[in-house]
Amino acid sequence: MPPADALPQDPASVEAEAGPPLSLARGALGIALVHLASGSPAETAHAWLRTALAGGALDPTVRPGLFHGLPAVAFTLALAPPDHYRRARATVREQLRRLVRHRLEAAHARIDRAEPASFGEYDLVSGLTGIAVAVWEADPDGELLEDVLAYLVRLCRPVRREGRCHPGWWVHHSPRGGHDPDFPDGHANLGMAHGIAGVVSLLGLTYRAGRTVREQRATLELLCAYLDSLQYEGRAGPWWPPWTVAHNATGPTRPGPPTWCYGTSGLARAQQVAALALGDIARRHTAERAMDACLVAGTGVDGLTAGGLCHGPAGVLRALTRMAEDQAPGVPRLHRHLPTAQKSAETPAPHHEGAGFLEGTAGTHLALNSGLQSRWDRCLLLA
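Reading the values: rules and limits
Residues numbered from 1 in each chain as written. Predicted model: local features only at pLDDT ≥ 70, side-chain atom pairs only at ≥ 80, totals over all residues. Heavy atoms only, no water. Helix = DSSP H or I, 4+ residues; strand = E, 2+ residues; numbered from the N terminus. Rg over C-alpha atoms; globule rule 2.2 N^0.38 Å. Contact = heavy atoms within 4.5 Å. Areas by Shrake-Rupley, 256 points an atom, 1.4 Å probe, with all protein chains shown as cover. Axes fitted to C-alpha atoms, helices over the stretch in contact; angles between N-to-C directions. Parallel < 35°, antiparallel > 145°, perpendicular 65-115°, else oblique. Left-handed = near helix turned anticlockwise from the far one by under 90°. Salt bridge = Lys/Arg side-chain N within 4 Å of Asp/Glu carboxyl O. Buried < 20%, exposed > 50% of the residue type's maximum accessible area, 1.4 Å probe, protein only. Disulfide = S-S within 2.5 Å. Core = buried A, V, L, I, M, F, W, Y, C linked by side-chain atoms within 4.5 Å. Expected span 1.5 Å × (residues − 1). pLDDT = per-residue confidence, 0-100. Phe/Tyr/Trp six-rings, centres within 6.5 Å; stacked < 30°, edge-to-face > 60°. UniProt positions renumbered as here; feature names shortened; annotations may be inferred.

In the nomenclature of an unreviewed UniProt entry, the chain corresponds to Lanthionine synthetase from the organism Streptomonospora nanhaiensis.

**Q** Explain the overall build of the chain here, please?
**A** The secondary structure content of the chain amounts to 16 helices and six strands. Expected size for 383 residues packed as a compact globule is a radius of gyration near 21 Å; at 20 Å, the chain falls within 12% of this value. Principal-axis analysis of the C-alpha atoms gives the chain an extent of 55 × 45 × 40 Å. Contacts in the chain between residues at least 24 apart in sequence constitute 67% of all its contacts with a sequence separation of at least 6. Surface exposure of the chain reaches about 16,000 Å², of which carbon and sulfur atoms provide 52%.

**Q** Teacher, can you tell me more about the packing of helix H2 (residues 28-38) against helix H4 (residues 70-78) here?
**A** To describe two helices that pack against each other, one gives the angle between their axes and the distance between the axes. Taken N-terminus to C-terminus, the directions of H2 and H4 make an angle of 15°; their axes are 9 Å apart at the nearest point. As far as their axial angle goes, H4 and H2 are roughly parallel. Here H2 and H4 pass one another in a crossing that is left-handed. On the side of H2, the interface is formed by Leu 29, Leu 33 and Leu 36, while H4 contributes Ala 72, Val 73, Phe 75 and Thr 76.

**Q** Looking at this model, I keep getting lost on the pattern of salt bridges. Mind explaining?
**A** Pairing is possible between side chains of opposite charge, provided their charged atoms come close. Overall, the coordinates contain 21 salt bridges when judged by the stated rule. A salt bridge links Arg 154 to Asp 112; the shortest N-O distance between them is 2.5 Å. Taken as a pair, Arg 154 in helix H8 (residues 144-155) and Asp 112 in helix H5 (residues 86-112) lie far apart in primary sequence, 42 residues in all. Judged by relative accessible area, which is 24%, Arg 154 ranks as partly exposed. As a salt-bridge pair, Arg 269 and Asp 326 come within 3.0 Å of each other at their nearest N and O atoms. With a gap of 57 residues between them, Arg 269 in helix H11 (residues 264-278) and Asp 326 in helix H14 (residues 313-326) connect regions that are remote in the sequence. Judged by relative accessible area, which is 2%, Arg 269 ranks as buried. With a relative accessible area of 21%, Asp 326 lands in the partly exposed category. Connected through shared salt-bridge partners, Glu 94, Arg 97, Arg 98 and Asp 139 make up one network.

**Q** Even after reading the chapter, I still don't get the state of the cysteines, so can you show me in this structure?
**A** In protein chemistry, a disulfide is the covalent bond that joins the sulfur atoms of two cysteines. This structure, assessed with the given rule, holds zero disulfides. There is no disulfide at Cys 224, and the cysteine sulfur nearest it, in Cys 156, is 11 Å away. Cys 261 carries a free sulfur, and the closest cysteine sulfur to it, the one in Cys 310, is 3.9 Å from it.

**Q** For this particular structure, what's the right way to read the nonpolar core?
**A** In a soluble, globular protein the nonpolar side chains are often hidden away together inside. Membership of the largest hydrophobic core comes to 117 residues, with the highest contact counts inside it found for Leu 96, Trp 260, Met 291 and Phe 357. Every residue in contact with Met 291, bar those within four places of it in the chain, is listed here: Ser 265, Ala 268, Val 316, Ala 319, Leu 320, Met 323 and Leu 334.

**Q** I would appreciate a short explanation of H11 in the present structure.
**A** Each α-helix turn comprises 3.6 residues. Residues three or four places apart therefore point the same way. Taking 1.5 Å of rise per residue, 15 residues should cover 21 Å, and H11 covers 20 Å from first to last C-alpha, within 8% of that figure. Most of H11 sits out of view: 14 of its 15 residues are buried. Directly after H11, the chain includes Gly 279, whose backbone phi takes a positive value near 70°.

**Q** Help me understand the confidence of the model for the chain, please; the structure alone is not making it clear to me.
**A** Do not read the predicted coordinates in detail wherever pLDDT is low. Of the residues in the chain, 92% have a pLDDT of 70 or more, and the chain-wide mean is 90. Note that pLDDT drops below 50 for residues 1-5; the model gives that stretch eight contacts with residues more than four away or on any other chain.

**Q** Honestly, H8 in this entry has me stumped. Any pointers?
**A** Taking 1.5 Å per residue as the helical rise, H8 with its 12 residues ought to reach 16 Å, and the 16 Å between its terminal C-alpha atoms agrees with that figure. Taking burial as the measure, the 12 residues of H8 include nine buried ones, the bulk of the element. What H8 keeps buried is the set Leu 144, Leu 145, Glu 146, Val 148, Leu 149, Tyr 151, Leu 152, Val 153 and Leu 155. In the core, the buried residues of H8 are packed alongside H5, helix H6 (119-122), helix H7 (128-138), helix H9 (196-208) and helix H10 (216-229).

**Q** Before we go on, may I ask you to explain the packing of aromatic side chains in this structure?
**A** Both the distance between ring centres and the angle between the ring planes are used here to describe each pair of aromatic rings. This model, assessed by the stated rule, comprises five aromatic pairs. Seen in terms of ring centroids, Phe 183 and Trp 243 are 5.9 Å apart; in terms of plane orientation they differ by 70°. Their pairing is edge-to-face. With Phe 183 in the loop between strand E2 (164-166) and strand E3 (188-189) and Trp 243 in strand E6 (residues 243-244), this pair connects stretches of sequence that are 60 residues apart. Residue class for Trp 243 comes out partly exposed when judged on its relative accessible area of 31%.

**Q** For this particular structure, what's the right way to read the UniProt feature "binding site: Zn(2+)" (unreviewed entry) in the chain?
**A** Under the UniProt annotation, "binding site: Zn(2+)" (unreviewed entry) lies at Cys 261, Cys 310 and His 311. Spatial clustering of the annotated residues is evident: they stretch over 51 residues in sequence, but the largest pairwise C-alpha distance comes to 6.5 Å. Positionally, Cys 261 belongs in the loop between E6 and H11. The contacts of Cys 261, once residues within four sequence positions are left out, are Gly 191, Met 192, Ala 193, Cys 310 and His 311. Mapped onto the fold, His 311 is located in helix H13 (residues 308-311). Other than its neighbours up to four places away in sequence, His 311 contacts Thr 259, Cys 261, Leu 304 and Ala 306.

Dropping the structure here:
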């Protein structure tokens, strides 16, 4: 457990390193979210919110998504006590509705033109999958969530381009977002942050919650079958690559780091969620075996050199915690990995992490306080 002072208390003390104010990844908004989820005194959380929102809830310099701008504000305010910020919540909710309608219109128009997608259209970090999370929290009784789910169902239908069949969420760029000669035709991303695992998890979580649209179950089954086609069986257990490309005939030879954003821990949790939604016992066992395998193979979580939830052991710890809560009987007990994962998350990263939520020490604070039953990790699509 981190010391009590591990969570930044005074915005002025870390203002220079906190990043963009409206950023959940590195900014003051993310630290406000941590204080709200941690049950800090109301005045402390309010101080961080005031700092984050000093310039308003809109940032014209950055495309809004779950981790920046208006949707990030909506998600954060939704974690506040119900009787707090009612007027602000109502204003942000109406602005969010307009934003979602605009983004959905653009996304459907792109599909109508038969053009390939981009991360910014559909993914968890900056696209409609993440914005749906904000809608789910900020406007739970509205119909917009189902509108986004219907778009995701349409997005996932296979398409044919230049004589090849691609997943509908195939993107035209590299995993870094730009042109790369190693990705001349783009790629299909599998990760939680930018790939199809985020969509799988959202469709599974909403399905279990009774928020469904036509073909949602069939789409979940289709996506799970796609992941099955890319599954490898290593010495320790199953794993998946972070992405696939059309011209890659041989594929990777070993799994990468077990991170939340691209690694097996995020993919395994997404598939466990899907399995629970579909009542698929075999898939549930496979997902839990994969999580067990990624923590025993090689250096596991101890080999991660970055800190925070995204690239570091804190994200693995939170995914593991959620999977252990939902694990099936008769498979390797995931609880046995919790002490090691927690110790790794408590160990400072080799380089400076900053104080932020997604990439810094504030998010690690939340992951280490696993007793907190807040829904904060819905922004990671872990619950």
